[in-house]
Amino acid sequence: MQLLLWVTLIWSFSFSLIGEFLAGKVDPYLAVGSRMVLALLLFLPWLIRYKTPPKQALALAAIGAVQLGLMYLFFYHSFLYLTVAEVLLFTILTPVYVVLFDRILQRKTISWRWLGPATLAVLGALVIRFTAPTTDFWIGLMLVQAANLCFAFGQVAYRQLNLGSSVQQQRSFGWFFIGAAVVAALGAWLFADWQKVPQQASEWVILVWLGLVASGLGYWLWNAGARQVNAHQLAVMNNLLIPAGLLVNFALWQQQVNWLTFSLGSVLIIWSLVWGKRLSN
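Residues numbered from 1 in each chain as written. Predicted model: local features only at pLDDT ≥ 70, side-chain atom pairs only at ≥ 80, totals over all residues. Heavy atoms only, no water.

Participant: In this structure, what is going on with the overall build of the protein chain? I would like to understand it.
Facilitator: Along its length, the protein chain carries 12 helices and zero strands. Starting at the N terminus and ending at the C terminus, the protein chain contains elements arranged as α-α-α-α-α-α-α-α-α-α-α-α. For the protein chain, with 281 residues in total, the buried portion stands at 53%. Considering only intrachain contacts with a sequence separation of at least 6, the fraction spanning at least 24 residues in the protein chain is 90%. Only carbon and sulfur atoms are counted for the fraction: they give 69% of the accessible area of the protein chain, which is about 13,700 Å². (Helix = DSSP H or I, 4+ residues; strand = E, 2+ residues; numbered from the N terminus. Buried < 20%, exposed > 50% of the residue type's maximum accessible area, 1.4 Å probe, protein only. Contact = heavy atoms within 4.5 Å. Areas by Shrake-Rupley, 256 points an atom, 1.4 Å probe, with all protein chains shown as cover.)

Participant: Help me understand the side chain of T94, please; the structure alone is not making it clear to me.
Facilitator: Topologically, T94 is positioned in helix α5 (residues 94–105). Engagement of the side chain of T94 in a polar contact is seen with the side chain of N148, the distance being 3.3 Å. Setting aside residues no more than four positions away along its own chain, T94 makes contact with N148, F151, A152, Q155 and N238. (Polar contact = N/O pair within 3.5 Å; in protein donor to acceptor, adjacent residues only side chain to side chain.)

Participant: Just checking my understanding: could you explain a nonpolar patch on the surface for this structure?
Facilitator: A surface patch of nonpolar side chains, amounting to about 400 Å² of accessible area, comprises W6, L9, F13 and L252. The topology assignment puts W6 in helix α1 (residues 2–22). Take W6: its relative accessible area is 56%, and that puts it in the exposed class. (Patch = residues over 30% accessible without salt bridge, like charges linked within 9 Å, V, L, I, M, F, W, Y side chains within 5 Å. Salt bridge = Lys/Arg side-chain N within 4 Å of Asp/Glu carboxyl O.)

Participant: Teacher, can you tell me more about helix α2 (residues 28–49) here?
Facilitator: The periodicity of an α-helix, 3.6 residues per turn, causes residues three or four places apart in sequence to face the same way. If you check α2, its first and last C-alpha atoms are 33 Å apart, about what 22 residues at 1.5 Å a residue would give, namely 32 Å. Helix geometry: α2 is bent most strongly at F43, by close to 50°, with proline P45 lying one to four residues after it. Within the sequence span of α2, burial applies to Y29, L30, A31, V32, G33, R35, M36, A39, L40, F43 and L47. Of the residues flanking the start of α2, the one acting as N-cap is D27, its side-chain oxygen 3.0 Å from the backbone nitrogen of Y29. (Expected span 1.5 Å × (residues − 1). Bend = angle between axes of the 7 residues up to and from the residue.)

Participant: Is there a simple way to explain the environment of V267 in this structure?
Facilitator: Residue position: V267 is located in helix α12 (residues 259–278). On the accessibility criterion, V267 (51% relative accessible area) is exposed.

Participant: What should I look at first to understand the nonpolar core in this one?
Facilitator: In globular proteins that are soluble, nonpolar side chains generally tend to be buried together. Within the largest apolar cluster, 76 residues are counted, with the highest numbers of intra-cluster contacts made by W11, M36, L68, M71, F177 and Y219. Among the elements that take part in this core, helix α10 (residues 201–226) stands out by supplying 10 residues, more than any other. (Core = buried A, V, L, I, M, F, W, Y, C linked by side-chain atoms within 4.5 Å.)

Participant: Please clarify how α5 should be interpreted in this entry.
Facilitator: Its 12 residues give α5 an end-to-end C-alpha distance of 16 Å, which sits within 8% of 16 Å, the value for a rise of 1.5 Å per residue. Within the span of α5, buried status applies to T94, P95, V96, Y97, V98, V99, F101, D102 and R103.

Participant: Just to check I follow, could you spell out the environment of Q170 for this structure?
Facilitator: Checked against the element boundaries, Q170 lands in helix α8 (residues 166–172). Among the residues examined, Q170 registers a relative accessible area of 26% and is labelled partly exposed. Separated by 54 residues in the primary sequence, Q170 and A224 have C-alpha atoms spaced 9.1 Å apart. Discounting chain neighbours no more than four positions away, the residues touching Q170 are F43, W46 and W220.

Participant: For this particular structure, what's the right way to read the packing of helix α3 (residues 54–78) against helix α7 (residues 138–159)?
Facilitator: The axes of two packed helices give the description: the angle between them and the distance between them. One can describe the packing of α3 onto α7 by two numbers: an axis separation of 8 Å at closest approach and a directional angle of 160°. Here α3 is positioned roughly antiparallel relative to α7, judged by the angle of their axes. In this structure, α3 crosses over α7, and the sense of that crossing is left-handed. Here L60, I63, V66, Q67, L70, M71, F74, F75, H77 and S78 of α3 lie close against α7, whose contacting residues are G140, L143, V144, A146, A147, C150, F151, F153, G154, Q155, A157 and Y158. A class-by-class count of the residues in the contact of α3 with α7 yields 16 nonpolar, six polar and no charged. (Axes fitted to C-alpha atoms, helices over the stretch in contact; angles between N-to-C directions. Parallel < 35°, antiparallel > 145°, perpendicular 65-115°, else oblique. Left-handed = near helix turned anticlockwise from the far one by under 90°. Nonpolar A, V, L, I, M, F, W, Y, C, P; charged D, E, K, R; others polar.)

Participant: Where do I start with the packing of aromatic side chains in this structure?
Facilitator: Geometrically, a pair of aromatic rings is defined through the distance of the ring centres and the angle of the planes. Tallying each qualifying case throughout the model produces 17 aromatic pairs. Relative to F177, the ring of F173 lies with its centre 5.4 Å away and its plane at 80°, an arrangement referred to as edge-to-face. Here F173 matches F177 in class, with each residue buried. Feature note: the residues F43, W46, Y158, F173, F176, F177 and W220 constitute an aromatic cluster, connected by ring pairs. The ring of Y50 carries the charged tip of R171 above its face, separated from the ring centre by 4.0 Å. (Phe/Tyr/Trp six-rings, centres within 6.5 Å; stacked < 30°, edge-to-face > 60°. Lys NZ or Arg CZ within 6 Å of the ring centre and 35° of its normal.)

Written out as structure tokens, the structure is:
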């Protein structure tokens, strides 16, 4: 759980940095592609030094391609059809998908008992982030749900791989970013606006931080932490980023926060986390 909390803190700063310094200035596909390449470079020394069994390498690359590569392609396309508030609102269903994939991949029965904590986490996030949707949003809604499904599937699939100890996982994790980088590069080639490359030194510094820390270190710790908790805790943690991100945004840039809905929604998410901890995996 501690690993997931640390990553939540890292990612909560990332959203603010992207929103304040990169959004509208740097092409998102170029930003994602650079993040994946930098994250891959972070793990490249282990890939060069240690051999990974071909089957395991292929599985990790496939998970990275889905969890990050395809997820980002769907996610960034959704902004063509939705407002930022709507995108944030529709991401709250990820906890439900995490639990569903976990039950399906383990061939276990799906019941409301198992969906309870995830559903409560969705309700908490909905209380915090709800805004009335615009009239023409169905394509955007489907794109966000596709992104949610990719991210949820990747987390659950990684949990169930036989990867050995944490040291062994670290040695092979670069393959995860090989898969993500290939898809991100394809997305940049097809959709990027090459006129919007970073221009300011601050933009380059933020991209390096996002690539090495938020993506490289962040996704490694997140997937490693996902193997140390049960599926319900993992599901709930996917929505804890919403209140954490709002707090950071308020603390650094004094963005407006509805403290009533924020407090109520946060209590529901924390309650769902406690509920999930009590359930066996």
